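# Fold and contact review
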Amino acid sequence: MTTERMDGGRALIRALEHEGVEVMFGLPGGAILPVYDPIIDSSIRHILVRHEQGAGHMAEGYAHATGRPGVAMVTSGPAATNIVTPLCDAYLDSVPMVVITGQVPYAAIGTDAFQECDTTGITQSITKHNFLVTDPQDIPRTIKEAFHIATTGRPGPVLVDIPKDIVDPTNPRSEMVWEDDVEMDLPGYRPQVEVDPEAIRAAAKLVRDAERPVLYVGGGILKARAAEVLRELAELTGIGVVTTLMARGAFPDSHELCLGMPGMHGNYTAVTAMQEADLLVALGARFDDRVTGRLEGFAPEARVVHVDIDPAELGKVRRPDVAVQGDVRVAIEALVAELSDGGTGEVDRSAWRSRISGWQERFPLAYEPWVPGDALKPQYVIEQLRDATPADTIVTSGVGQHQMWASQYWTFDYPYTWINSGGLGTMGFSIPAAIGAKVAYPERMVWAIDGDGCFQMTAQELVTAAVEDIPIKVALLNNSYLGMVRQWQEMFYEERYSEVFLSKEVPDYKMWAESMGCHAIRIDDPDEVDSAIAQANEVDDRPVVIDFRVAADEKVFPMVPSGKSNSELVVPEFQRDQPR
Amino acid sequence: MNVHAPEFRYHTLVVTVENKSGVLARVAGLFARRAFNIESLAVAPTDDEGFSRITVVVDVESAPLDQVVKQLDKLVNVVEIRELHPGHSVERELMLVTVTAEPDLRDEIVEHLDRAGGKVLSLGIDRMMLSLVGPPSRVDEFEDLLRPYGILELQRTGRVALASLDDALD
Ligand SMILES: Cc1ncc(C[n+]2csc(CCOP(=O)(O)OP(=O)(O)O)c2C)c(N)n1
Ligand SMILES: [Mg+2]
């Protein structure tokens, strides 16, 4: 065992290196200054962001793409509050992330010192756990615990708040002795990975007996790296799969058993199959209200098998008939073994399968075709982009109509190719998340599909991308509106448009993007879409922004109006006379 | 749920937590954020200085007990949670109360006090300070009895509890 005297700041960076951190995203300031000095000599790449929210979302993008924890480091006070949104985002989407915040010297805590804020208090309910370290000797252990908590069980964000005095080499309070091996001390933290064989047998029985089963797959499948075994389960049983917004790519969209995305803007087949099912096998999914619609009307005849590593999800929203607590990959492996040994059942599901294919034929995802004189269709742009990019392209998105169209019209055939903000619905997510993903996979193409409202919230990170040589590409679906809100006002507020129009003239996105060091293109005409994308795909020495000026009145369909049951799904006008 | 059996509306949880700063705030914050209602909450160190024990009485009309327990258990500093079953636990609460007591009424008050098993802590010209330790229901009753005399100040601790000894002489 090596021991070495050092200060808390160097120990902090060394502890991060020991965790295998390759890259961190951040921005320095007074309280965290002493920790920035040892970064100069560290193997860790630091990416200097333009706003701390960007650092948080970049860390999230990195974590989504790789499965490894994203790391961000910022100073105290306003920097800590700037990273609150990404923390909450990561909390709701179970993203492993470690955020380090500077804090005023320990003796000054509670005095309203300059740039003091109660960071652990503010972030308590939006982190999986947080720490305020008061002794430099505790730094290595705390960092180890933070990474352990962030990445095990149900992943999530962990924040470590570090008072300046314990990392400042000029302060004797920062002296500590580095030891390579520190023991974690977490007596109350014991995530359960293994599953109860009894519960697996009970689940298998429900699967065998079901006439109308659906595999309801959530983001937990990706967190558990269970896409492969999920496919085995689906193919073994022949049961159709829906992938939620957080799980797009966990099961190939082009697979014949793929039913698509359920939920408020899910496709007809996925929503209706869940609604009519007699068995839902929920795998790492949490019965979010955007999936269930009005809860009382949700899947009224379905029995439920619910698998989750977080016991609090079991029965939180819908009472399961069989609850399986544990890692969803372990659970599916056990279920596959059980069904291989004991058979998959004798039930004839041909009637169910033909109902499903009937829905698929009558209600495919579709939009009103473009006719001359129409403005550019946003859905068309996504289809062209999809077809012109490599299969392993990573797509990130903002929040709004463009996000829903991206999730609907892209074909996700590989896990970890779709990165978005589901639970919190954070506008501005796409550009920094794309940067985080591109840093992780510089050789892959990363496209951010963004809205004009979102773009204006975090576009400055394109400067980061340009300066740090992270050539992401942005497809800006510019409809001049806060389009999703406009859609609700059109449909539910009698077309009374209140504060949703942005502007058709400003900003000039092309000029703005160019001024940030990007290659920029503006497109109004459908005929120019393909060549613009081809041009963008050629550029690899800087970020690219294509400003697609798209129709403002296009709506996202299907849609379950808020508060309505999923049986009241609204389909596009041209499908409304189809028999349901 | 039987509304005439209030002991089923309130459940007592004994929560062992790491003795670290901010733990009480985490527990209280969780209850607030998840909209769980607390009837009472008492916290104190245990025989092991590394841990504290929180006795919390939850109102299960605000959320199912199962959810409360599972969400609490997710707090990293929570080490153990035990539910104490009504009828299989010993619950106590301490009340300190100052009540108006002109000399001619004192005997009467002391009679109530003796029956409840309380103590006189101090006497003033026109007031008395009393204490009572007992099951929460007895403390409630005694408080009701005192009210007509005029309660000047009152402080209750909230309940603390332990599981009954199975073979206890109780
Ligand atoms: C930070 C934040 N503020 C407000 C909202 C509410 N909101 C949801 S979608 C949306 C409109 C987004 O506009 P834009 O980025 O242009 O996307 P579009 O819907 O037009 O595709 C708004 C305001 C949100 N989700 N996040
Ligand atoms: Mg818009």
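This structure is a prediction, so every number in the text was calculated from the model and none was measured. (Residues numbered from 1 in each chain as written. Chains lettered and ligands numbered in written order. Predicted model: local features only at pLDDT ≥ 70, side-chain atom pairs only at ≥ 80, totals over all residues. Heavy atoms only, no water.)

### Considerations on the overall build of chain B
Helices and strands together make up the secondary structure of chain B, namely four helices and nine strands. Helices and strands in chain B line up, N terminus first, as β-α-β-β-α-β-β-α-β-β-α-β-β. Counting only C-alpha atoms and orienting by the principal axes, one finds that chain B spans roughly 55 × 40 × 35 Å. In chain B, buried positions account for 41% of the 170 residues. For chain B, contacts bridging at least 24 residues in sequence account for 72% of all contacts bridging at least 6. For chain B, the accessible area works out to roughly 9,600 Å², and carbon and sulfur atoms hold 53% of it. (Helix = DSSP H or I, 4+ residues; strand = E, 2+ residues; numbered from the N terminus. Buried < 20%, exposed > 50% of the residue type's maximum accessible area, 1.4 Å probe, protein only. Contact = heavy atoms within 4.5 Å. Areas by Shrake-Rupley, 256 points an atom, 1.4 Å probe, with all protein chains shown as cover.)

### Focus: the coordination of the magnesium ion (ligand 2)
Residue and element names in this part refer to chain A. Only D452 (OD), N479 (OD1) and Y481 (O) from the protein reach the magnesium ion (ligand 2) as donors, at distances of 2.0 to 2.1 Å. Sequence positions of the residues that donate to the magnesium ion (ligand 2) give the spacing D-x26-N-x1-Y. One end of the pair, D452, is in helix 18 (residues 452-458); the other, Y481, is in the loop between strand 18 (473-478) and helix 20 (483-492), with 29 residues separating them in the sequence. Looking at D452, the relative accessible area reads 2%, which means it is buried. (Donors = N, O, S within 2.8 Å, 3.2 Å for Na, K, Ca; no water.)

### Some words on the pairing of strand 1 (residues 10-18) of chain B
Residues and elements named next belong to chain B. When you tally the buried positions in strand 1, you get eight out of nine residues, the bulk of the element. The pairing of strand 1 with strand 4 (residues 78-84) spans six bridges and is antiparallel. Residue pairing for strand 4: L13 is matched across the bridge by E83. (Pairing = 2+ DSSP bridges.)

### A closer look at the side chain of D7(A)
All names here are of chain A. Topologically, D7 is positioned in strand 1 (residues 3-7). A polar atom in the side chain of D7 sits 2.8 Å from the backbone nitrogen of G9. Setting aside residues no more than four positions away along its own chain, D7 makes contact with V167, P169, S174 and M176. (Polar contact = N/O pair within 3.5 Å; in protein donor to acceptor, adjacent residues only side chain to side chain.)

### Notes on the domain arrangement of chain A
All names here are of chain A. For chain A, the assigned domains are domain 1 (3-179), domain 2 (197-362) and domain 3 (378-549). Taken over C-alpha atoms, the centre of domain 1 sits 38 Å from the centre of domain 2. Every contact between the two is made by nine residues of domain 1 and, on the other side, seven residues of domain 2. A buried area of about 670 Å², summed over both sides, lies between domain 1 and domain 2, and 54% of it is on carbon and sulfur atoms. Run the count over domain 1 and domain 2 and you get two salt bridges. R154 is the salt-bridge partner of E313, the closest N and O atoms lying 2.8 Å from each other. On inspection of domain 1 and its partner domain 2, the count reaches three residue pairs in polar contact (both at pLDDT 80 or more). Among the residues forming the side of domain 1 that touches domain 2, the class breakdown is two nonpolar, five polar and two charged. (Domains from an automatic or database assignment. Buried area = accessible area lost by both parts, 1.4 Å probe. Salt bridge = Lys/Arg side-chain N within 4 Å of Asp/Glu carboxyl O. Nonpolar A, V, L, I, M, F, W, Y, C, P; charged D, E, K, R; others polar.)

### Quick look at the packing of helix 15 (residues 378-387) of chain A against helix 16 (residues 401-409) of chain A
Residue and element names in this part refer to chain A. Following both chains from N to C, one finds helix 15 and helix 16 inclined at 45 degrees, their axes separated by 9 Å at the closest point. Taken together, the axis directions place helix 15 and helix 16 in an arrangement best described as oblique. As for the relative orientation of helix 15 and helix 16, their crossing is right-handed in sense. Across from P378, Q379, I382, E383 and R386 in helix 15, the residues of helix 16 making contact are H402, W405, A406 and Y409. A class-by-class count of the residues in the contact of helix 15 with helix 16 yields five nonpolar, two polar and two charged. (Axes fitted to C-alpha atoms, helices over the stretch in contact; angles between N-to-C directions. Parallel < 35°, antiparallel > 145°, perpendicular 65-115°, else oblique. Left-handed = near helix turned anticlockwise from the far one by under 90°.)

### Re the site of ligand 1
Residues and elements named next belong to chain A. Inspection of the region around ligand 1 gives 16 residues, with Q401, D452, G453, C454 and G483 positioned closest. Within the backbone of G453, an N or O atom sits 2.8 Å from an oxygen atom of ligand 1. With respect to ligand 1, the backbone of G483 contributes an N or O atom lying 2.7 Å from an oxygen atom. Protein chains shield 75% of the accessible area of ligand 1, which is 580 Å² for the free molecule. Those elements that place two or more of their residues in the shell around ligand 1 are helix 16, helix 18 and helix 20. Partitioning the shell around ligand 1 into residue classes produces seven nonpolar, eight polar and one charged. (Near = heavy atom within 4 Å.)

### What to know about the domain arrangement of chain B
Residues and elements named next belong to chain B. Here chain B is described as being made up of domain 1 (10-84) and domain 2 (90-163). The gap between the C-alpha centroids of domain 1 and domain 2 is 28 Å. Counting residues at the interface gives nine residues for domain 1, matched by eight residues for domain 2. Between domain 1 and domain 2 lies a buried interface of about 640 Å² when both sides are counted; carbon and sulfur atoms form 58% of it. It is A42, T55 and L84 in domain 1 that bury the most area against domain 2; as a group they hold 45% of the surface buried on that side. Run the count over domain 1 and domain 2 and you get zero salt bridges. Where the side of domain 1 that touches domain 2 is concerned, the elements lending two or more residues are strand 1, strand 2 (37-45), strand 3 (51-59) and strand 4. Its residues placed into classes, the side of domain 1 that touches domain 2 shows five nonpolar, three polar and one charged.

### So, the sheet that holds strand 1 of chain B
Residue and element names in this part refer to chain B. Read across the sheet, four strands follow the order 2-3-1-4 without closing on themselves; strand pairing throughout is antiparallel. Each having just a single partner strand, strand 2 and strand 4 make up the two edges of the open sheet. Strand-to-strand twist across the sheet, computed as the mean angle between neighbouring axes with direction ignored, equals 20 degrees.

### Remarks on the environment of G61(A)
Along the chain, G61(A) turns up in helix 3 (residues 52-66). Sequence separation of G61(A) and W418(A) is 357 residues, and the distance between their C-alpha atoms is 9.9 Å.

### A word on the interface of chain B and chain A
Counting residues at the interface gives 19 residues for chain B and 19 residues for chain A. When chain B packs against chain A, close to 1,500 Å² is buried across both sides, 46% of that on carbon and sulfur atoms. In this assembly, chain B and chain A are joined by one salt bridge. Of the charged contacts, one joins K74(B) and D310(A) as a salt bridge, the two residues approaching to 2.5 Å between their closest N and O atoms. Counting across the interface, chain B meets chain A through six residue pairs in polar contact (both at pLDDT 80 or more). Within the residue set of the side of chain B that touches chain A, elements represented by two or more residues are helix 1 (23-33), helix 2 (65-74) and strand 4 of chain B. Looking at the side of chain B that touches chain A, the element that brings in the most residues is helix 2 of chain B, giving six residues. Tallied by class, the residues present in the side of chain B that touches chain A amount to six nonpolar, four polar and nine charged.

### Side note on the environment of I151(B)
Residues and elements named next belong to chain B. Looking at where I151 falls in the secondary structure, it is placed in strand 8 (residues 151-156). What makes I151 partly exposed here is its relative accessible area of 28%. For I151 and A101, which are 50 residues apart along the polypeptide, the C-alpha to C-alpha distance reads 9.6 Å. The contacts of I151, once residues within four sequence positions are left out, are V97, T98, V99, E143 and L146.

### Regarding the side chain of T123(A)
Residue and element names in this part refer to chain A. Looking at the element boundaries, T123 is found in helix 6 (residues 119-123). Looking at T123, its side chain comes within polar contact range of the main-chain oxygen of T119, at 2.8 Å. Not counting residues up to four positions away in its chain, the partners in contact with T123 are V84, L87, N130 and L159.

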